[in-house]
Amino acid sequence: MRVTLKLATSLDGRIATASGESQWITGEAARLEGHRLRAAHDAILVGVETVLHDDPELTARLPGRAVDQPLRVVLDSRLRTPASAKLAGENTLILTAAEPHAVGAATVRRVEVEDGRPAVAVVLKALAAAGAGSVLIEGGGQVAASFLRAGAVDALEWFRAPILLGGEGRPCVAALALAKLSDAPKFRRQGVAPVGDDLWERYVRL
Ligand SMILES: NC(=O)c1ccc[n+]([C@@H]2O[C@H](COP(=O)([O-])OP(=O)(O)OC[C@H]3O[C@@H](n4cnc5c(N)ncnc54)[C@H](OP(=O)(O)O)[C@@H]3O)[C@@H](O)[C@H]2O)c1
């Protein structure tokens with residue numbers, strides 16, 4: 001499974017204000033590249049806090065072009081995704097630790113957990129079983145940290161906006177529980193380009 005982590009952050013690596021407001025940190029040009037990235041992956045994955053805060057559609061929308069929509073995936077330990085969520089339709093897979101109940105037309109599947117949350121290895125297996133060969137992780141910070149901690153992230157697509165959100169903003173990567181610097185996940189830069197007012201950095205795992 002090819003795993004890409006997409007981040008849209010402030011210069012100081014925050015993805016939202018303390019209250020969870022994140023739309024929109026980056027500009028229109030960066031968001032269009034985000035839609036291209038979605039269209040280039042078989043699945044798009046987010047954590048339930050992102051669903052609760054942003055209510056994203058999680059579709060790939062490209063001007064003048066029809067797109068085969070990627071599978072939408074939500075990691076939702078306690079099954080808090082509301083049936084009214086925009087993504088609670090067909091082509092959505094919710095992976096949970098809870099007793100399944102209907103969430104709109106989404107498919108809800110109970111999976112093995114680690115520390116009470118769907119385990120990364122199990123999530124990747126479930127995606128492969130659903131026919132996906134690649135996944136774009138769109139956050140938030142807790143889900144990003146889980147995949148990084150598991151060593152499962154192959155590439156980073158990082159859009160950085162020229163704003164500062166300060167220490168009270170939500171970090172783009174939650175705790176990694178590193179004991180020492182040498183344990184940090186390491187990446188090699190593949191490219192860097194301005195996109196509108198933002199900067200797009202691309203990295204692959206070393
Ligand atoms: N700027 C951006 O690019 C961007 C992108 C996405 C989101 N955001 C913002 O980020 C904020 C949400 O981020 P967040 O870090 O608070 O939450 P998140 O990563 O979106 O969701 C975290 C939740 O996912 C559930 N989960 C299930 N399995 C998990 C696993 N294996 N690892 C981690 N989480 C798992 C957990 O629910 P339980 O607690 O029930 O276990 C956890 O609380 C929102 O404010 C949103 O607006 C910004």
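In every chain, residue numbers begin from 1 and rise along the written sequence. Reporting in this predicted model follows two pLDDT cut-offs: at least 70 for local features of residues, and 80 or more for side-chain atom pairs to be given and counted; totals over whole chains, interfaces and linings ignore these cut-offs and use all residues.

Visitor: Where do I start with the pairing of strand β12 (residues 187–195) in this structure?
Guide: If a strand is regular, its side chains alternate between the two faces of the sheet. With zero of its nine residues buried, β12 lies for the most part at the surface. In terms of strand pairing, β12 meets strand β13 (residues 198–205) through eight bridges, oriented antiparallel. Bridge pairing links V195 to D198 in β13. As consecutive antiparallel partners, β12 and β13 are separated by two residues, and within that stretch G196 has a phi angle of approximately 60 degrees, a positive value. Our exposure labels follow a C-beta count within 10 Å of each residue's own C-beta, placed from the backbone: buried means 20 or more other C-beta atoms, exposed means 12 or fewer, and partly exposed covers the counts in between. Here a strand is any run of E in DSSP of at least two residues, a helix any run of H or I of at least four, and the numbering for each starts at the N terminus. Any two strands with at least two DSSP-identified bridges between them are counted as paired.

Visitor: Would you take a moment to explain the site of the ligand for this structure?
Guide: Around the ligand, the structure places 30 residues, and the nearest of them are G47, E49, S77, G139 and G140. Going through the elements one at a time, β1 (2–10), β2 (14–16), β3 (43–47), α2 (48–54), β8 (117–118) and α4 (141–149) are the ones with two or more residues in the shell around the ligand. When residues of the shell around the ligand are assigned to their parent elements, the largest contribution, five residues, is made by α2. The rule is simple: place the C-beta atom from the backbone, and if it lies within 6 Å of a molecule or strand, the residue is near it.

Visitor: For this particular structure, what's the right way to read helix α1 (residues 28–39)?
Guide: Between the first and last C-alpha of α1 there are 17 Å, a value that for twelve residues agrees with the 16 Å anticipated at 1.5 Å per step. Burial in α1 covers these residues: A30, G34 and R38. The buried side chains of α1 occupy one side of the element, clustering within an arc of 95 degrees when seen end-on. In α1, the exposed positions that point more than 90 degrees away from the buried face belong to E28 and R36. Helix span, expected: 1.5 Å multiplied by one less than the number of residues in the helix. In this description, the arc belongs to the directions extending from the helix axis to the C-beta atoms.

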